[in-house]
Amino acid sequence: MTATPNKQNLPYEIIPAGKSRARISLIGTRSFLLEAPGDFDLAAQRRIWALTQTLKGWTDVAEIIPGMTNLLAIFRETPEDPDGVVGRLLSAWDTSQSIDLVGKTIEIPVHYGGEFATDLAALCDLSGLTDREVVRIHHQATYRVFALGSAPGFGYLHGLDPRLYMPRKTVPSLKMAKGCVTIGGMQTGVAMLTGPNGWNSIGFAELQMFDPLSPTPAMMAPGDAVRFVPERIEL
C-alpha cells in the first residue's frame, strides 16, 4: 500500500454548491436521515461532506454519520418540534458550500481471477466483455472513498465503469472470503469479513485494511483515492 498525502494544508477544498431539495426521514425519535437529491455521484457526496462539517457545530447533535449521498443526524434528545429540525436541516443543506475532502492515494494489490473470482464468468456473460477486458477496465479506474460502513474499515467506492455494473445476488454467497474484490451494483469494494455476501467476486486482495490495534484502525477514509493494482492475473 502506498499513501500519498495531498499537498494542500486545508482538510478540505471548497467547491461551489448548487441548490436542490433533499429528502428527510425520521428514524426512531432522535435520528433524521437526509438523502441528497439527483444522481449518485461525487457532486452529491461533496455536499454531504459539507453538511457534515456544518452539523458539527450544532450542540444538540450527538452523532453525525455520513453515508453514500446521505447523512444520519442523531440528536442528544428527542426534539419537541421535529418539523423545526427538518427545516433546520433543509436550510443547512441549501446554504452549506460543497467541499472536496483532501485524502491520500491507496494502492491495493489484487490477484485477479483464480479460485476467489467466483463471479467473474457471470460478469462476463452479463457485460459481453472478456475476462481480460473486465480486469483491465476495473484496474484502470481511480475510485473515491465516499464513506465507511457495513463492516469495520469497508469503504464505499465511487468510480466503477458502467460497463462493469452488476446487480447484487438475490441469494448471497454464504461464506465469501475476507479480501475478495467485489462488484455490487454500481460500486466495487473489498470484503472486510468472511461470511454471507451478495456482491460479486472477481479477485482477491491480501492487504490488511483494518487493524483494531492501530491508532487509525481503518486504512481508508472519506475522500481517499483508491487504485487496484494487478499483482497477478489468473484467467
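Everything numeric in this text was worked out from a predicted model, so none of it was measured.

**Structural notes on the pattern of salt bridges**
And then number 1: All chains considered together, the criterion is met by nine salt bridges.
And then number 2: Taking the shortest distance from any N to any O, the salt bridge between D60 and R88 comes out at 2.8 Å. Within this pair, whereas D60 is found in the loop between helix 1 (42-55) and strand 4 (61-66), its partner R88 is found in helix 2 (residues 82-95), the two being separated by 28 residues in sequence.
And then number 3: Using a relative accessible area of 33% as the deciding quantity, one classes R88 as partly exposed.
And then number 4: As a salt-bridge pair, E234 and R232 come within 3.5 Å of each other at their nearest N and O atoms.
And then number 5: For E234, a relative accessible area of 37% gives the class partly exposed.
And then number 6: For R232, a relative accessible area of 49% translates into the label partly exposed.

**Quick notes on the side chain of R47**
And then number 1: Here R47 lies in helix 1.
And then number 2: With no salt bridge to any partner, buried R47 finds its closest opposite charge in D94, at an N-O distance of 4.6 Å.
And then number 3: A polar side-chain atom of R47 sits 2.5 Å from the main-chain carbonyl oxygen of W93.

**Remarks on a negative patch on the surface**
And then number 1: Negative charge collects at one region of the surface, where E77, E80, D81 and D83 lie side by side.
And then number 2: Summarising the element assignment, D81 is placed in the loop between strand 5 (70-75) and helix 2.

**Some remarks on the sheet that holds strand 5**
And then number 1: Overall, antiparallel pairing links the four strands, which are arranged 2-3-5-4 in an open sheet. Two strands bound the open sheet, and with one partner strand each, they are strand 2 (23-27) and strand 4. For this sheet the average axis-to-axis angle between neighbouring strands, irrespective of direction, equals 20°.
And then number 2: Taken together, the five bridges between strand 2 and strand 3 (residues 31-35) define a ladder with antiparallel strand orientation. Within the sheet, the bridge partner assigned to S25 lies in strand 3 and is L33.
And then number 3: With respect to the sheet, helix 1 is in contact with strand 3, strand 4 and strand 5, its orientation differing from that of strand 5 by roughly 15°.
And then number 4: Most of the contacts of helix 2 go to strand 3, to which it runs at about 35°, and overall it touches strand 2, strand 3 and strand 5.

**Brief notes about the environment of P167**
And then number 1: Looking at where P167 falls in the secondary structure, it is placed in the loop between strand 9 (155-158) and strand 10 (173-176).
And then number 2: What P167 contacts, discounting residues up to four positions off in sequence, is L126, G185 and N200.

**Considerations on the environment of Q187**
And then number 1: Here Q187 lies in strand 12 (residues 187-190).
And then number 2: In this structure the C-alpha to C-alpha distance between Q187 and L90, which are 97 residues apart in sequence, comes to 28 Å.
And then number 3: Those residues within four positions of Q187 in sequence are excluded, and the remaining contacts are F40, M68, Y156, L157, L160, R168, T182 and W199.

**Details of helix 2**
And then number 1: Look at helix 2: 20 Å from first C-alpha to last across 14 residues, which is about the 20 Å you get at 1.5 Å a residue.
And then number 2: For helix 2, the complete set of buried residues consists of V85, L89, L90, A92 and W93. The arc that holds every buried residue of helix 2, seen down its axis, measures 160°, which confines them to one face. Among the exposed residues of helix 2, those oriented more than 90 degrees off its buried face are D83 and T95.
And then number 3: On its buried side, helix 2 packs onto strand 2, strand 3, helix 1 and strand 5.

About the cut-offs
- Residues numbered from 1 in each chain as written.
- Predicted model: local features only at pLDDT ≥ 70, side-chain atom pairs only at ≥ 80, totals over all residues.
- Heavy atoms only, no water.
- Salt bridge = Lys/Arg side-chain N within 4 Å of Asp/Glu carboxyl O.
- Helix = DSSP H or I, 4+ residues; strand = E, 2+ residues; numbered from the N terminus.
- Buried < 20%, exposed > 50% of the residue type's maximum accessible area, 1.4 Å probe, protein only.
- Lys, Arg positive; Asp, Glu negative; His and termini not counted.
- Polar contact = N/O pair within 3.5 Å; in protein donor to acceptor, adjacent residues only side chain to side chain.
- Patch = residues over 30% accessible without salt bridge, like charges linked within 9 Å, V, L, I, M, F, W, Y side chains within 5 Å.
- Areas by Shrake-Rupley, 256 points an atom, 1.4 Å probe, with all protein chains shown as cover.
- Charge placed at Lys NZ, Arg CZ, Asp CG, Glu CD.
- Pairing = 2+ DSSP bridges.
- Axes fitted to C-alpha atoms, helices over the stretch in contact; angles between N-to-C directions.
- Contact = heavy atoms within 4.5 Å.
- Expected span 1.5 Å × (residues − 1).
- Arc of directions from axis to C-beta.

Nothing here speaks to function; it is all geometry.
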